[in-house]
Each structure stands twice: as structure tokens, then as C-alpha cells.
Amino acid sequence: MSDIKVLVAGSGGQLGSELQRTVPAGVTLLAPPEVGFDLTDAAQVQSLINSLDPDWIINAAAYTAVDKAEEDPDSAYAVNRDGAGLLASAAASSGARLLHISTDFVFNGQKGSPYLVGDQPDPLGVYGASKQAGDEVVSKILGDRCAIIRTAWVYSSLGNNFVKTMLRLMGERDQLGIVADQIGSPTWANSLARACWRAVLSDLSGMHHWTDAGVASWYDFAVAIHEEASALGLLPKPCVVKPIRTEDYPTPAARPAYSVLDKTPTWQALGLEGEHWRSALRKMLAEL
Ligand SMILES: NC(=O)c1ccc[n+]([C@@H]2O[C@H](COP(=O)([O-])OP(=O)(O)OC[C@H]3O[C@@H](n4cnc5c(N)ncnc54)[C@H](OP(=O)(O)O)[C@@H]3O)[C@@H](O)[C@H]2O)c1
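Draft legend 1. Summary view of the overall build of the protein. When helices and strands are counted, the protein shows 10 helices and 12 strands. Computed over the C-alpha atoms, the radius of gyration of the protein is 19 Å, within 12% of the 19 Å expected from 2.2 N^0.38 for a compact globule of 288 residues. When the backbone C-alpha atoms are referred to their principal axes, the protein occupies close to 55 × 35 × 35 Å. Residues counted as buried form 50% of the 288 residues belonging to the protein. Here the contacts in the protein between residues at least 6 apart in sequence split such that 83% fall between residues at least 24 apart. With an accessible surface of roughly 12400 Å², the protein has 52% of that area assigned to carbon and sulfur atoms.

Draft legend 2. View of the site of the ligand. Around the ligand, a shell composed of 24 residues is seen, among which L15, L39, T64, Y127 and K131 lie nearest. At 2.9 Å, a side-chain N or O of Q14 approaches an oxygen atom of the ligand. Here a nitrogen atom of the ligand and a backbone polar atom of F37 are 3.4 Å apart. If the ligand stood free it would expose 900 Å²; the protein chains cover 71% of that surface. Residue assignment for the shell around the ligand shows that the elements contributing at least two residues are α1 (14-21), β4 (97-103) and α5 (126-142). Here the shell around the ligand gets 3 residues from one element, more than from any other, and that element is β4. Grouping the constituent residues of the shell around the ligand by class yields 12 nonpolar, 9 polar and 3 charged.

Draft legend 3. Seen up close, the nonpolar core. Ranked by internal contacts, the top residues of the largest apolar core, which has 27 residues, are V163, M166, M170, F221, I225 and L281. Listed by contribution, the elements that provide at least two residues to this core are α6 (162-172), β7 (175-179), α8 (218-231) and α10 (277-286). For M170, the residues in contact, after removing those within four places along its chain, are L176, A222, I225, H226, L235, K237, C239 and V241. In this structure, V8, I58, V200 and W267 belong to the second largest nonpolar core, which totals 24 residues.

Draft legend 4. Broad picture of the packing of aromatic side chains. Tallied over the entire structure, the rule returns 9 aromatic pairs. With a centroid separation of 6.0 Å and 75 degrees between ring planes, the pair formed by F105 and Y127 is classed as edge-to-face. Note that F105 is positioned in the loop between β4 and α5 and Y127 in helix α5, a separation of 22 residues in sequence. Each member of the pair, F105 as well as Y127, carries the same accessibility label: buried. Their ring planes at 10 degrees and their centres at 3.5 Å tell us that W153 and W218 sit as a pair that is stacked. Of the two residues, W153 sits in the loop between β5 (146-151) and β6 (154-155) while W218 sits in helix α8, which places them 65 residues apart along the sequence. Grouping residues by exposure puts W153 and W218 together as buried. What links up through ring pairs into an aromatic cluster is the set W153, Y155, F162, W218, F221 and W277.

Draft legend 5. Spotlight on a nonpolar patch on the surface. A surface patch of nonpolar side chains, amounting to about 230 Å² of accessible area, comprises L232, L234 and L288. Of note, L288 is situated in the segment after α10.

Draft legend 6. Layout of helix α7 (residues 189-201). End to end, α7 covers 18 Å across 13 residues, agreeing with the expected 18 Å (1.5 Å per residue, within 8%). Burial within α7 is extensive, with 10 of its 13 residues counted as buried. Of the positions making up α7, those classed as buried are A189, N190, S191, L192, A193, A195, C196, W197, A199 and V200.

Draft legend 7. Structural context of the sheet that holds strand β3 (residues 56-59). Reading across the sheet, the 6 strands line up as β2-β1-β3-β4-β5-β10 and stay open at both edges, with parallel pairing between neighbours. The open sheet has two free edges, formed respectively by β2 (27-29) and β10 (206-209), since each of these has just one partner strand. Along the sheet, successive strands turn relative to each other by an average axial angle of 25 degrees, direction set aside.

Each value, and the rule that gives it
Residues numbered from 1 in each chain as written. Predicted model: local features only at pLDDT ≥ 70, side-chain atom pairs only at ≥ 80, totals over all residues. Heavy atoms only, no water. Helix = DSSP H or I, 4+ residues; strand = E, 2+ residues; numbered from the N terminus. Rg over C-alpha atoms; globule rule 2.2 N^0.38 Å. Buried < 20%, exposed > 50% of the residue type's maximum accessible area, 1.4 Å probe, protein only. Contact = heavy atoms within 4.5 Å. Areas by Shrake-Rupley, 256 points an atom, 1.4 Å probe, with all protein chains shown as cover. Near = heavy atom within 4 Å. Polar contact = N/O pair within 3.5 Å; in protein donor to acceptor, adjacent residues only side chain to side chain. Nonpolar A, V, L, I, M, F, W, Y, C, P; charged D, E, K, R; others polar. Core = buried A, V, L, I, M, F, W, Y, C linked by side-chain atoms within 4.5 Å. Phe/Tyr/Trp six-rings, centres within 6.5 Å; stacked < 30°, edge-to-face > 60°. Patch = residues over 30% accessible without salt bridge, like charges linked within 9 Å, V, L, I, M, F, W, Y side chains within 5 Å. Salt bridge = Lys/Arg side-chain N within 4 Å of Asp/Glu carboxyl O. Expected span 1.5 Å × (residues − 1). Pairing = 2+ DSSP bridges. Axes fitted to C-alpha atoms, helices over the stretch in contact; angles between N-to-C directions.

Printed below as a string of C-alpha cells:
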């Protein structure tokens, strides 16, 4: 049987990079990393997909600057809604399937128990709203020829993320105050990439949730980063991590207070269960 040909949009991001590191047997990755393509350029997207003729497209590209999106909604919508729509239309005309990645930020965080795939989105900010709009466009264009995976709190050894920021600040300061009243599930981009490949290999369709297992507040996550990084000798000195409230750390974009996603049906569909976030964190830190 011939390999499944897969094109990754956003191959330079956290997820895109991990997708390239974890390509499974039976898959040929089409675009080499240096060949980017701009999701806001309709002609470029269409001609690249026509010429490469992928079986699957994974959309790991997004406008992910959550706070900046509040003052620049046009840019967020251009990539997260319109760019996703362009990819979906190109996929529809070429016969490719699409795996699109979305976010826990489509929810308002008021539920208090893990969000099910069918729960009503109610984004609190521009980023979440633009991603939700992208999900709707993609589903409308491709129906069951696409799968959407919502994920959350993504970090990796590459790029800017909470883990990297914490390591830097813990090296610079003696004390840090970290928000303790927002709860979610930290997710290593490597785990997410493996789930994406499983989704492609199993022809997944419909809406799904994937994060690493377990829950944490940002404070819990920071304490774990401190402990694990110290054990690995990555921090030059001690740093006290203290819990603070969201109102003590105001940001331009509101975040959901509780954004744990229910993964049970996805874990069953993929035959793959998420690892606990703390063991995934340990593995990521060991790479640094
Ligand atoms: N990071 C999180 O905590 C998180 C949480 C929930 C869901 N997600 C979702 O997970 C997916 C992957 O996120 P990530 O953390 O890997 O994001 P990331 O590291 O910010 O990477 C996003 C990638 O998209 C590319 N991109 C942006 N605008 C583009 C455009 N117009 N055309 C083509 N590429 C463009 C970026 O390229 P440049 O760097 O060159 O701009 C970058 O390579 C996204 O759908 C995101 O919404 C992320």
C-alpha cells in the first residue's frame, strides 16, 4: 500500500515542529519545513494543494497571540477563520481530508466539569471567537471529510510558551506569583502530534478533544516546572512560587476559569490514551 501523503500548514510552530519529529511509518510528509505557505493568500494555498495533491492536510497554523488578538481582531480572523476556510475549500476541491486544530478557549469556563465535544461554545475573547468561527467554516465546507481536535495549554521545547517563560523567570527572580484560579490540562505538543498522526491513520472525522491527562492550575503547573527542572539541574537557584488570583494578574483577553476537556471518546476512537501531564512535562524538560 502506498504512503498517505500529508501536508502540514504551520510546520514551524510548536505542533508543526513536533509533527515533523514524529512522522509515523506509512506517512510521507509533503512540504519540507523551509517551504512555508501563507494561509491568508488564497491563490498560494490553492496552487500549493493542487500541485502537491495531499491525501491529508493538517492545519497546525494559527494566530495564537491571545492578548494581541484583542487589539488586532482582523489578523486573528484572517488566519483562524478565513485561512482555515481557504484550506478547507482547497481540500474539498482536491479531495483531501483535513485535520484542523482548535482550542479550549472556545468555551467560557463556567461549566465546572470537563467540557464535552457537543457543549455550546461561548468564547470570552477574540482569539477563541476567531477559532470557533474557523471550526464552523471548516465543518460546513468539509462535513465528515474533516476532523477537528480541540486542545489546550500547549507547550514544547521550541517556541514561546508557559514552560519556557517560567524557566526564564525562575532563573531571574527569587519569587513568582502565578494564577491559581484557572484550571486546565497542560499538553506537550509532542503528545498532541502523536494523537494527530493516529487521527490521520485512523481516518478520524468529527469534533474531538485531546490534551494530556490530569488537571492543574497555572500555579500547580509552575510548581511542577520548578520541581522537575530543579531535579534535572536546569535552574541555577531556588525560586518561591506563590498562588495569586486572576484579578491580581490582569490581561487584555479574559481566559476561561475552567477549561478541562473531556477526552474519553477521542481516546477510545484513537485507541490512544493521554499520558499524565506531569510525566509529559518531565520528558519535555529532559530534552532541554
Ligand atoms: N499554544 C497553545 O497553548 C494552544 C492551546 C490550544 C489550542 N492551540 C491550537 O493548537 C494549534 C497549534 O498551536 P501552536 O501552539 O503550535 O501554535 P504556534 O506555535 O503559535 O504556531 C502557529 C504556527 O502558525 C503559523 N502561522 C501564523 N499565521 C500564518 C499564516 N498566515 N499562514 C501560515 N502559517 C501561519 C506560525 O508561523 P509564524 O511563526 O511564522 O507566524 C506558526 O508556525 C493552533 O491551532 C492553536 O490555535 C494552541
